[in-house]
Amino acid sequence: MAKYAFRDEQRKEIIYSNEAVKEDRNTAFYCPNADCNAQLYICAIDGSKAAYFRATKPQHPHIPNCLYGTRSIEFDENQFDESRFDYDKAMESLFGLTDTAIASNKSGEHSIGEPQKHPPRTIRQMYSMCKSLPVKSKYGNKEIGEMLLDDRSEYRYPKGCFGNRIIEATVKKRFYDSEKKQIYLTAPVTSKKYSFVLDFSDNDTYKFIRNEIFNNSDKIIIVGGKWKPTDKYNYFISSVNGRKQVAIIKCFGSLT
Ligand SMILES: [Zn+2]
C-alpha cells in the first residue's frame, strides 16, 4: 500500500496518490522501495479520497518482503489529526515520560458525537505514517527523515543517530546480553551502518522483548529511542522503559 510512487525508474520524480488519481489509470509508476521493480497503478475506492498505488499486474509484482506490497504499513491519514501532532511529545509519551496518551483518552470520553481524531501516537502509527510519505515531505511540520532512520533517510545521518528517533532495524548476530539486560540491533536495514543498544532497566520488559525478537529475528524491528553516542564507534544507546517503544513489522496481508 503506497501513498506515493515515482514516475521514473531512477526514482527522482515523486508522485502522490492524490495527484495520480487525475491521471490515466493505465500509467505505470515505480515502487518507493528502490530495490523493488514492481510497477504500480493508481487505485481509488469510489467516493473516497483515499487513493493508493498497487502492483495490479501479476508480471510486475513487489519483491518478497517489500513493505509497500503489504498491509503492514497501512496509514489512513483521514483517521488522524495531523494538526495536533507533536513529534517530540509523542516520543516522550512512548518513553513513559508524559501521560499525553492517557490525558487525551480521558478528554475523549467526555466528547459527544463522533469520536475525536487523535494524532498518530503509537510507534506503529508513527512508523506507518513515516513510511507512507517521502522522506523530504513533512507531517505535523516535521520532516519524515528527521523522525525515522531508514534506508531512504540514511543520507541525513552522516555522523550517527542522536536524540528522539525511530529506527528501522534488524538484529545483530549476537543480539542480547542478559546480564546487562541489553539488546543489540543494526540500522538502516541495507547498509547496517550503525549499531544500537537497547538498554533495559526492567527485567520483565527485557525478557518479553528479547523473546519477541528471538521469535522474529528475520523481521524488521522498529524502536523509538532517545539515542546517545557510546564509547564504541558508530554505536548508539537508548533506554527502553516499556514495550511501547518497540514493535516488530511482519509482512502480512500481501497485496500482490
Ligand atoms: Zn515494492
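Scroll up to find the structure.
In this report, we go over the structure that sits alongside the text. The structure presented is a predicted model; accordingly, all values stated were derived computationally and were not measured.

1. Examining the coordination of the zinc ion
Now for step 1: Donor atoms from the polypeptide that bind the zinc ion are C31 (SG), C36 (SG), H62 (ND1) and C66 (SG), placed at 2.1 to 2.4 Å.
Now for step 2: Its four donor atoms give the zinc ion angles of 105 to 116 degrees at the centre, a pattern that matches the tetrahedral case.
Now for step 3: Donor residues for the zinc ion, ordered by position in the chain, follow C-x4-C-x25-H-x3-C. Taken together, the positions of C31 in the loop between β3 (29-30) and β4 (39-44) and H62 in the loop between β5 (51-54) and α2 (87-94) put the pair 31 residues apart, joining distant regions of the chain.

2. Focus: the packing of aromatic side chains
Now for step 1: Tallied over the entire structure, the rule returns 14 aromatic pairs.
Now for step 2: Between F75 and Y139 the ring centres are 6.1 Å apart and the planes differ by 80 degrees, which places this aromatic pair in the edge-to-face class. Of the two residues, F75 is situated in the loop between β5 and α2 and Y139 in strand β6 (residues 138-139); the sequence distance between them amounts to 64 residues.
Now for step 3: Residue class for Y139 comes out buried when judged on its relative accessible area of 3%.
Now for step 4: Here the aromatic residues F75, F80, F85, Y87 and Y139 are joined through ring pairs into a cluster of three or more.
Now for step 5: Note that K232 overlies the ring of Y235, its terminal NZ or CZ placed 4.4 Å from the centroid.
Now for step 6: Above the face of the F208 ring, R243 is positioned so that its terminal group lies 3.6 Å from the ring centre.

3. Remarks on the side chain of D81
Now for step 1: On the secondary structure map, D81 appears in the loop between β5 and α2.
Now for step 2: Assessed through its relative accessible area of 18%, D81 is described here as buried.
Now for step 3: Engagement of the side chain of D81 in a polar contact is seen with the side chain of S83, the distance being 2.6 Å.
Now for step 4: Excluding anything up to four places from it in sequence, D81 contacts K117, H118, P119 and Y139.

4. Some thoughts on the pattern of salt bridges
Now for step 1: Counted by the stated rule, this structure contains 11 salt bridges.
Now for step 2: Here K3 and E77 are joined by a salt bridge, their closest N and O atoms 3.5 Å apart. A residue pair is termed long-range when its members are at least 10 positions apart, and K3 in the segment before β1 (4-6) and E77 in the loop between β5 and α2 qualify at 74 residues.
Now for step 3: When the shortest N-O distance is used, the salt bridge between R84 and D81 registers 2.9 Å.
Now for step 4: With a relative accessible area of 42%, R84 lands in the partly exposed category.
Now for step 5: Linked by salt bridges that have partners in common, K131, D150, R152 and E168 make up one network.

5. Topic: the nonpolar core
Now for step 1: With 44 residues, the main nonpolar core has F53, M129 and Y139 as its most contacted residues.
Now for step 2: Here this core takes five residues from helix α4 (residues 123-132), the largest share from any one element.
Now for step 3: Setting aside chain neighbours within four positions, we find Y139 in contact with F75, F80, D81, E82, F85, P120, M129, L133, I144 and M147.
Now for step 4: Listed in part, the 24 residues of the second largest apolar core include L149, A187, L198 and Y206.

What counts, and where the lines are drawn
- Residues numbered from 1 in each chain as written.
- Predicted model: local features only at pLDDT ≥ 70, side-chain atom pairs only at ≥ 80, totals over all residues.
- Heavy atoms only, no water.
- Donors = N, O, S within 2.8 Å, 3.2 Å for Na, K, Ca; no water.
- Tetrahedral: all angles 85-135°; square planar, octahedral: opposite > 155°, others 65-115°.
- Helix = DSSP H or I, 4+ residues; strand = E, 2+ residues; numbered from the N terminus.
- Phe/Tyr/Trp six-rings, centres within 6.5 Å; stacked < 30°, edge-to-face > 60°.
- Buried < 20%, exposed > 50% of the residue type's maximum accessible area, 1.4 Å probe, protein only.
- Lys NZ or Arg CZ within 6 Å of the ring centre and 35° of its normal.
- Polar contact = N/O pair within 3.5 Å; in protein donor to acceptor, adjacent residues only side chain to side chain.
- Contact = heavy atoms within 4.5 Å.
- Salt bridge = Lys/Arg side-chain N within 4 Å of Asp/Glu carboxyl O.
- Core = buried A, V, L, I, M, F, W, Y, C linked by side-chain atoms within 4.5 Å.

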